Amino acid sequence: MTTLSEDDRDTAVQRLQEAYAAGHLSHEEMEARLHQALTARTHGELAPVLDSLPEVDAGTTSTIAAAGGRIRRGGAWRVPRTLKVESAFGKVHLDLSRAVFEHPAVDIELQLGTGRAKITVPRDAIVDADALHTGWKDTLYKPPRHTGPGGPRIRISGTMGFGRLKIRHARR
């Protein structure tokens, strides 16, 4: 299980405050959930705190596009509910190992012509790449033997022409 970052906690606190302000939580519920969010050590411990809250920007879709060259995302970045990655040719590297997940499930849609793609997912992530259609090479993905509960669910779909997608779990 991955350890929570300060960004993860800040995002949880912000969602709780917004839910309280919108009338979805009583004062007592907010206080109790804030305590749980601030003392949680893993994503699994944080998930029940946010489960019954309304989705924030549930329709949020971001697109990263490049005709050629490299597309890279890494570090502590916010993963939208739906991420579209479009590239005619070039390399794609998405590092989600330290990304902030505001949604329990995210969809990544790849529309790639030629070139390789690599996606590094959090250690406790659950990955589903069955909806990805490859034209030339199969996807390289070896699920971990043990995944802890509470990790983000990442669904990968789309099409890849000539190239290979490699998915790996972060080691930390």
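Residues numbered from 1 in each chain as written. Predicted model: local features only at pLDDT ≥ 70, side-chain atom pairs only at ≥ 80, totals over all residues. Heavy atoms only, no water.

(A) The arrangement of the overall build of the protein in detail. Across its full length, the protein carries 3 helices and 12 strands. Over its C-alpha trace the protein gives a radius of gyration of 17 Å, about what one expects of a compact globule, namely 16 Å for 172 residues. Projected onto its principal axes, the C-alpha positions of the protein cover 55 × 35 × 25 Å. With 172 residues in all, the protein has 41% of them scored as buried. Restricting the contact set of the protein to residue pairs at least 6 apart, pairs at least 24 apart contribute 70%. Accessible surface, the protein: about 9500 Å² in total, of which carbon and sulfur atoms supply 49%. (Helix = DSSP H or I, 4+ residues; strand = E, 2+ residues; numbered from the N terminus. Rg over C-alpha atoms; globule rule 2.2 N^0.38 Å. Buried < 20%, exposed > 50% of the residue type's maximum accessible area, 1.4 Å probe, protein only. Contact = heavy atoms within 4.5 Å. Areas by Shrake-Rupley, 256 points an atom, 1.4 Å probe, with all protein chains shown as cover.)

(B) Summary view of the layout of surface pockets. For the largest pocket, the calculated volume is near 360 Å³. Forming the walls of the largest pocket are 18 residues, and the residues nearest its centre are Ala-47, Leu-50, Phe-101, His-103 and Pro-104. Arg-123, Lys-142, Pro-144, Ile-167, Arg-168, His-169, Ala-170 and Arg-171 together form the lining of the second largest pocket. Residue composition of the lining of the second largest pocket, grouped by class: 3 nonpolar, 1 polar and 4 charged. (1 Å grid on protein atoms, 1.4 Å probe; cavity = no way out; pocket = protein on both sides within 12 Å on 5 of 7 lines; lining within 4 Å. Points joined across faces, edges and corners; volume = space filled by probe spheres on them. Nonpolar A, V, L, I, M, F, W, Y, C, P; charged D, E, K, R; others polar.)

(C) Representation of the environment of Thr-139 in the model. Secondary-structure assignment places Thr-139 in the loop between β9 (126–134) and β10 (140–141). Between the C-alpha atoms of Thr-139 and Phe-89, which are 50 residues apart in sequence, the distance is 17 Å.

(D) Spotlight on the pattern of salt bridges. Applying the stated criterion across every chain yields a total of 4 salt bridges. The salt bridge involving Arg-41 is made with Glu-45; its shortest N-O contact spans 3.5 Å. Residue classification places Arg-41 among the exposed positions, given a relative accessible area of 56%. Two residues, Arg-78 and Glu-102, come together in a salt bridge whose shortest N-O distance is 2.8 Å. Of the two residues, Arg-78 is situated in strand β3 (residues 78–79) and Glu-102 in the loop between β6 (100–101) and β7 (105–114); the sequence distance between them amounts to 24 residues. Relative accessible area serves as the criterion here: at 21%, Glu-102 is assigned to the partly exposed category. (Salt bridge = Lys/Arg side-chain N within 4 Å of Asp/Glu carboxyl O.)

(E) Representation of helix α3 (residues 43–50). Among the residues making up α3, those that are buried are His-43, Leu-46, Val-49 and Leu-50. The arc that holds the buried residues of α3, viewed along the axis, is 110 degrees, so those residues lie on one side. On its buried side, α3 packs onto α1 (6–21) and α2 (27–39). (Arc of directions from axis to C-beta.)

(F) Structural context of the packing of α2 against α3. Close contact between α2 and α3 brings their axes to 9 Å; oriented N to C, the two are set at 165 degrees. Taken together, the axis directions place α2 and α3 in an arrangement best described as roughly antiparallel. Considering the relative orientation of α2 and α3, their crossing is left-handed. Here Arg-33, Gln-36, Ala-37 and Thr-39 of α2 come into contact with α3, specifically with Glu-45, Leu-46 and Val-49. (Axes fitted to C-alpha atoms, helices over the stretch in contact; angles between N-to-C directions. Parallel < 35°, antiparallel > 145°, perpendicular 65-115°, else oblique. Left-handed = near helix turned anticlockwise from the far one by under 90°.)

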